[in-house]
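Each chain, written out:
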Amino acid sequence: MPTQSRDLALYLHIPFCTSKCGYCDFNSYEGLGHLADGYTDALLGELDLWAPATRDFTVRTVFFGGGTPSLTALEDMRAFTDRIRERYAVAPDAEWSLEANPGELTREHLEGLRATGINRLSIGVQSLHDDELTMLERGHNAARAIEAVRAARAAGFDNLNMDLIFGLIGQPLARWQDTLERALELSPEHLSCYALTVEPGTALYYQVAKGLLQEPDPDVVADHYEWTRKRLARAGYRQYELSNWARPGRECRHNLVYWHAEPYLGLGAGAHSFFTGRRFANIDAPNRYIEAITASLEERATSGTGTLRQIAGGETPDADTQRADAMILGLRLLEGVSSTEFAVRFGVTPDEAFPHAIAKHLATGLLTRVPPPHGDRLRLTPRGLLLSNEVFVDLLPDPPGDER
Amino acid sequence: MDPARIRNFSIIAHIDHGKSTLADRMLDVTGTIQARQRQDQVLDSMDLEREKGITIKAQAVRMLHRAADGLEYQLNLIDTPGHVDFSYEVSRALAACEGAILVVDAAQGIQAQTLANVYMAMELDLTLIPVVNKIDLPSAEPERVAQELVDVIGFDPNEIIFASAKSGAGIEEILEAIVARVPHPRGEANAPLRALVFDAKYDAYKGVLVYVRVVDGHIDGREPLRLLQERTRFDPVEVGVFRPGFTVVPRLEAGEVGYVATGLKGVNEARVGDTVTTDRNAATEPLSGYREAKSMVYAGLYPSNPDQYPELRDALERLKLNDASLHWQPESSAALGFGFRCGFLGLLHMEIVQERLEREFGLDLVATAPSVEYEVTRSDGSEMVVDSPAALPEPDKIREVREPWVRVNITLPSRFVGAIMGLIDERRGEYVKLEYLDHAAVEGESRVLAEYLVPLSEILVDFYDQLKSRTSGYASLDYHIEGYRPAKVSRLDILVNGDPVDALSAIVPTEQATERGRKLVSALRELIPRQLFDVPIQAAIGGRILARETVRAMRKNVLAKCYGGDVSRKRKLLEAQKAGKKRMKMLGSVEVPQEAFMAVLKLRD
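Colleague: I'd like to hear about the packing of helix α2 (residues 74-87) of chain A against helix α3 (residues 107-116) of chain A, residue by residue, with values.
Modeller: All names here are of chain A. Closest axis-to-axis distance for the α2/α3 pair is 9 Å, and the angle between their directions is 10°. As judged from the angle between their axes, α2 and α3 are roughly parallel. Between α2 and α3, the residues in contact are L74, M77, R78, T81 and R85 and E108, H109, G112, L113, A115 and T116, respectively. Its residues assigned to classes, the contact of α2 with α3 shows 4 nonpolar, 4 polar and 3 charged.

Below, the structure written as structure tokens:
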């Protein structure tokens, strides 16, 4: 956890989708295609707006997330990547990731993406059963997903992630096992396996609330998860985060920035940033985001300086909250939190900062200590992974230190 | 005013028979309330009363009425609650009156409680004016109901007034009847002051306000006063009447009803039922004439947050001032910490007290399961009274336990008698007698008044709801304490994670203990959320386990996805979880929601 880091991660949000999935609560929209051109200009503009503030930083990772970034026209992708290289100091070995839906990944599009310098794809496969994909309202079928992965290989991508969802409503373990086995046949470098979460505000949530669907049985989901951990370990994948596995050295460097509580800049509608000690987020609605960027750019052009009008709000976490955030994020990682590094950063060890919570959960068996020489670390036990919220709530400052 | 021109009266009725609407209408007709200030059910001033559509507290109002004889009369109405739980409030109000209007619904006829109120009024020697109300309802049978009043209570047919509080029909006639039939107050204007305190409330500026009916003498607002029994001396801050808002007057004469602001800040210094007199030349004999409230149900009230114990104590004291029927004493529970054992008139009263404490005083409370008061003879022959399961001695230390029985009066159409017999059997009750109310019934079926003896503990939970559902809503209920009888009861203990939880214990009939225990642990298994370890829940009597269930350990509580760097939001989700946990009570290391303590109430289906 380097504290003096001048490294920076860039996140670019593409909020457009051809159709919104029932379980998705991300800042994404269908039917806003007409805003795409204006949005591209705004995002380029925001890259310009931030450039002066990041002069001392080296960009190590760039991540295009969404929404559906793979919907973005190749010429726009080219414009983004060019603008980033032009305005920012980008490390030569930087990780350039893009989230993609199988539906858009034609051979031609893939080669075009490769040519822009994108070197990692995260493919939203979710399931390899057609009926489950229909239930999830995904726009592709299993065959198309497999084809997309093969096409990506052929186009020269050697760093692929597949996003999979388990614990689907009514899904028997065997069905999930089948999806994962077939995914393994494609030898991705990275796998994100998420338990389906019924998020408030989603179409799925209302179906559950109305009793049309039953929320997945937590015990069944736990069975799926435990099997997944064993199976992927056997297949040579290392679990490095609650929901993420990778071949050694293929961890997603961009996501590690979040979990290490290191700085990142999120650009685009609704994107989140952690920069100069402040956590903040842009305006969600794409049209209002575009207007705000336009206004900021005009102001900058006339007065030479100005406000970043696209920022909707944020907080400067106080010391207690920063420590809690660092623990909560860091414990998501299987390596856990190094007491030494934590002490260097915050001036106290985790045991000094959270004496009760740590003692309590060493006793409940959700936390464990990895003694030196392996790092003097605190981490979640295998059981603690699935019960991590029980630990996290005890780490929160009391009363909550929110200064919104 | 000349006492000959004063009439003090009250309205008694079964719940929902239109008492509050009738009061509203009289306020209208006498011009006490201007049309534009109107708000339905003016006298139900508590939010809770308007919401529940019932009267909880007695209220008073002064009206001026020019009668047919051309003279102006002062009519003081003291409104009363209709629900059986609050009959105590009724008796207090009646003690301050010379007459009462008896309101009976033209469709429903005499109900169990109508009779209870009539007997109470008769005991106090009040003049009754029978009114058949709601005569404009499509289902109204005014003639038949009038005949019931003649047959059952013995009114003269000519006394009965037919009215519709809704349309205004008969209201003038009622007002005239009050003037003509209700005796005027007969106090001694020149005797030393004696005024009956029939209610009280606390005002932050004026201190305790006592609501009084002046019997002898007068109150002029200048002379120092004193409460006869409590021996509290005070200088009145102001004297006034209810119009219906507080309105200051220079004097309250013998026979009049009004209030005195005492300036007293200590809520214990004034008690309802006390007699106000002058400090000098004081009266010696206190007034009497209302029935002391008897608690029927006892339950523990605890602050969810133990720090709120002093606030709860203050709140109970304030409430007591306004609700003399509430009794309490401090108790402590290993599970819930410090709280109060409270005595209530019934379950509705308990619910209302809890709601008032939470709303009016901003408290968050945990209530334990209600219990009745048992008499216990110990093995050594000594006697004790037990109103809390925790206080019941071990079985080998008990010679005998006696429980309270009530005499239950139920009015219902005769075809439901069979259904009610079943309910009475299930509740360990005994048949006493059956009486036909309407001898004259020709068409349709007749209504009966059924009388039973039932253990009080059996009617506390769900009895009224069962009665209603088994009679399609036709039955009505009244009960009063009959006496104590030997009972075979045991304390059912509940163990959570191996430890007995005093606040979950219940006293149950020994023969039903196993079944109750089984139902209780299974209800608790649903109510107690999964913890980080298996939590056994057991029911036991004297160490013998009767039933067991297990709350399986939780396996999953995780945020699978970390939303693209939205750490603030993730923290908020966790904060919400944390807040949820904080509302739980810790029993050892087990988190238990407040509802669990009322689980015993949900056992009957």
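Colleague: Describe in detail the domain arrangement of chain B, supporting the description with residues and values.
Modeller: Residues and elements named next belong to chain B. By domain assignment, chain B separates into domain 1 (3-181), domain 2 (194-278), domain 3 (297-367), domain 4 (398-487) and domain 5 (491-600). Contacts between the two partners involve 21 residues from domain 1, matched on the other side by 14 residues from domain 2. Across the domain 1/domain 2 interface, buried area totals approximately 1500 Å², and carbon plus sulfur atoms make up 55% of it. For the domain 1 face of the interface with domain 2, the top three residues by lost area are A60, R62 and R92, together amounting to 36%. For the interface between domain 1 and domain 2, the tally reads 2 salt bridges. Where domain 1 touches domain 2, the interface holds 7 residue pairs in polar contact (both at pLDDT 80 or more). Broken down by secondary-structure element, the contributors of at least two residues to the side of domain 1 that touches domain 2 are β1 (6-13), β2 (59-66), β3 (72-79) and α3 (87-95). Element by element, the count of residues in the side of domain 1 that touches domain 2 is highest for β2, at 5 residues. Class assignment for the residues of the side of domain 1 that touches domain 2 results in 13 nonpolar, 4 polar and 4 charged.

Colleague: So what's going on with the packing of aromatic side chains? Residues and values would help.
Modeller: Applying the stated criterion to the full structure yields 24 aromatic pairs over all chains. A ring pair is formed by F166(A) and W176(A), whose centres lie 5.3 Å apart and whose planes are at 40°; its orientation type is tilted. In this pair, F166(A) is assigned in strand β7 (residues 160-166) and W176(A) in helix α6 (residues 173-185), connecting sequence segments 10 residues apart. As far as burial versus exposure is concerned, F166(A) and W176(A) are alike and both buried. Connected via pairs of aromatic rings, a cluster forms that spans F198(B), Y211(B), F242(B), F246(B) and Y259(B). Above the face of the W96(A) ring, R85(A) is positioned so that its terminal group lies 4.4 Å from the ring centre. One Lys or Arg, R485(B), reaches over the ring of W405(B) and ends 4.0 Å from the middle of that ring.

Colleague: Which residues make up the sheet that holds strand β16 (residues 327-333) of chain B, and what values go with them?
Modeller: Hydrogen bonding along the main chain pairs the strands of a sheet, whether they run parallel or antiparallel. All names here are of chain B. Strand order in the open sheet formed by 4 strands is β16-β17-β15-β18, with antiparallel pairing between adjacent strands. Bordering the open sheet on either side are β16 and β18 (365-367), each of which pairs with just one other strand. Neighbouring strand axes in the sheet, compared pairwise and without regard to direction, differ in orientation by 30° on average. Where strand β15 (residues 297-303) lies against β18, 3 bridges are found, and the strand directions are antiparallel. Residue pairing across strands places P303 opposite L365, the latter belonging to β18. Packing of helix α8 (residues 347-361) onto the sheet brings it into contact with β15, β17 (337-344) and β18, and relative to β18 it is tilted by some 165°.

Colleague: Lay out the interface of chain B and chain A with the relevant residues and their values.
Modeller: A common measure of how large an interface is: the accessible area buried when the components associate. Each partner contributes to the interface: chain B provides 28 residues, whereas chain A provides 45 residues. Summing the contributions of chain B and of chain A, the shared interface buries around 3500 Å²; its carbon and sulfur component is 52%. On the chain B side of the contact with chain A, L532(B), R555(B) and R571(B) bury the most area, a combined 21% of that side's loss. In this assembly, chain B and chain A are joined by 8 salt bridges.

Colleague: Mind laying out the side chain of R332(A), listing which residues take part and the relevant values?
Modeller: Following the sequence through the fold, R332(A) ends up in the loop between α11 (319-330) and β15 (337-338). Engagement of the side chain of R332(A) in a polar contact is seen with the backbone oxygen of L559(B), the distance being 3.0 Å.

Colleague: Hey, could you go over the pairing of β7(A) for me, with residue numbers and the actual values?
Modeller: Residue and element names in this part refer to chain A. Within β7, 7 of the 7 residues are buried, leaving the element largely enclosed by the surrounding structure. By the alternation rule, side chains of β7 split into L160, M162, L164 and F166 and N161, D163 and I165, which are all buried. When β7 meets strand β8 (residues 190-195), the two strands line up parallel, connected through 6 bridges. By the bridge assignment for β8, L164 is matched with C193. With α6 bridging β7 and the parallel β8, this β-α-β connection has right-handed handedness.

Colleague: Provide a residue-level description of helix α9 (residues 417-426) of chain B, including the pertinent values.
Modeller: Residues and elements named next belong to chain B. Taken together, the buried positions of α9 are occupied by V417, I420, L423 and I424. When α9 is viewed along its axis, its buried side chains cluster within an angular range of 115° and face the same direction. Exposed side chains of α9 directed beyond 90 degrees from the buried face belong to G418 and D425. Of the surrounding secondary structure, the elements contacted by the buried residues of α9 are β21 (398-413), β22 (430-436), β23 (447-455) and α11 (463-470). R428 sits one or two residues past α9 and shows a positive phi near 65°.

Colleague: Run through the domain arrangement of chain A, naming residues and quoting values.
Modeller: Residues and elements named next belong to chain A. On domain assignment, one finds that chain A holds domain 1 (7-259) and domain 2 (323-395). Here the C-alpha centre of domain 2 lies 28 Å away from the C-alpha centre of domain 1. Taken together, the 11 residues of domain 1 in the interface contact 9 residues of domain 2. For the pair domain 1 and domain 2, the summed buried surface comes to about 1000 Å²; carbon and sulfur atoms form 67% of the total.

Colleague: Could you give an account of the confidence of the model for chain A, naming the residues involved and the relevant values?
Modeller: Residues and elements named next belong to chain A. On average, residues of chain A score 92 in pLDDT, and 97% of them reach the 70 mark or higher. Element-level mean pLDDT values for chain A span from 87 in helix α7 (residues 203-209) up to 98 in strand β10 (residues 244-246). Note that pLDDT drops below 50 for residues 1-5; the model gives that stretch 6 contacts with residues more than four away or on any other chain.

Colleague: Quick rundown of the environment of L105(A)? Include the residues and the values.
Modeller: Residues and elements named next belong to chain A. Among the secondary structure elements, L105 is positioned in the loop between β5 (89-100) and α3. In this structure L105 comes out as buried when scored by relative accessible area, which is 1%. Considering only alpha carbons, one finds L105 and C252, 147 residues apart in sequence, at a separation of 21 Å. Setting aside residues no more than four positions away along its own chain, L105 makes contact with S70, A100, L110, L113, I123, R144, A148 and A151.

Colleague: For the sheet that holds strand β10 (residues 232-234) of chain B, give the residues involved together with the corresponding values.
Modeller: Residues and elements named next belong to chain B. Taken in spatial order, the 8 strands of this open sheet run β10-β9-β14-β7-β8-β13-β11-β12, and their pairing is antiparallel. Strands with a single pairing partner mark the edges of an open sheet, and in this sheet they are β10 and β12 (246-248). For this sheet the average axis-to-axis angle between neighbouring strands, irrespective of direction, equals 40°. Inspection of the sheet shows strand β11 (residues 238-242) paired to strand β13 (residues 257-261) by 3 bridges, in the antiparallel sense. Bridged to V239 within β13 is V260.

Colleague: I'd like a rundown of a nonpolar patch on the surface, residues and numbers included.
Modeller: Residue and element names in this part refer to chain B. Taken together, M421, Y431 and L434 make up a surface patch of nonpolar side chains, about 260 Å² in accessible area. Along the chain, Y431 falls in strand β22. For Y431, a relative accessible area of 47% gives the class partly exposed.

Colleague: So what's going on with the pattern of salt bridges? Residues and values would help.
Modeller: Applying the stated rule across the entire model yields 60 salt bridges over all chains. Residues D7(A) and R60(A) are paired through a salt bridge, measuring 3.1 Å at the closest nitrogen-oxygen approach. Taken together, the residues span a long stretch of sequence, with D7(A) in strand β1 (residues 7-14) and R60(A) in strand β4 (residues 58-66) at a distance of 53 residues. R60(A) sits in the partly exposed class, given a relative accessible area of 33%. The salt bridge partner of R251(B) is E253(B), with a shortest N-O separation of 3.0 Å. Given the relative accessible area of 24%, E253(B) is considered partly exposed. Three or more residues joined by partner-sharing salt bridges are found here, namely R407(B), K433(B), E435(B), E451(B) and E482(B).

Colleague: I'd like to hear about the environment of S568(B), residue by residue, with values.
Modeller: Relative to the helices and strands, S568(B) is located in helix α13 (residues 567-582). You can call S568(B) buried: its relative accessible area is 10%. Residues S568(B) and G429(B) lie 139 residues apart in sequence; the distance between their C-alpha atoms is 61 Å. At a separation of 2.7 Å, a polar atom in the side chain of S568(B) contacts the side chain of E315(A).

Conventions used here
- Residues numbered from 1 in each chain as written.
- Chains lettered and ligands numbered in written order.
- Predicted model: local features only at pLDDT ≥ 70, side-chain atom pairs only at ≥ 80, totals over all residues.
- Heavy atoms only, no water.
- Axes fitted to C-alpha atoms, helices over the stretch in contact; angles between N-to-C directions.
- Helix = DSSP H or I, 4+ residues; strand = E, 2+ residues; numbered from the N terminus.
- Parallel < 35°, antiparallel > 145°, perpendicular 65-115°, else oblique.
- Contact = heavy atoms within 4.5 Å.
- Nonpolar A, V, L, I, M, F, W, Y, C, P; charged D, E, K, R; others polar.
- Domains from an automatic or database assignment.
- Buried area = accessible area lost by both parts, 1.4 Å probe.
- Salt bridge = Lys/Arg side-chain N within 4 Å of Asp/Glu carboxyl O.
- Polar contact = N/O pair within 3.5 Å; in protein donor to acceptor, adjacent residues only side chain to side chain.
- Phe/Tyr/Trp six-rings, centres within 6.5 Å; stacked < 30°, edge-to-face > 60°.
- Buried < 20%, exposed > 50% of the residue type's maximum accessible area, 1.4 Å probe, protein only.
- Lys NZ or Arg CZ within 6 Å of the ring centre and 35° of its normal.
- Pairing = 2+ DSSP bridges.
- Right-handed = clockwise from strand over helix to strand, strands pointing away.
- Arc of directions from axis to C-beta.
- pLDDT = per-residue confidence, 0-100.
- Patch = residues over 30% accessible without salt bridge, like charges linked within 9 Å, V, L, I, M, F, W, Y side chains within 5 Å.
- Areas by Shrake-Rupley, 256 points an atom, 1.4 Å probe, with all protein chains shown as cover.

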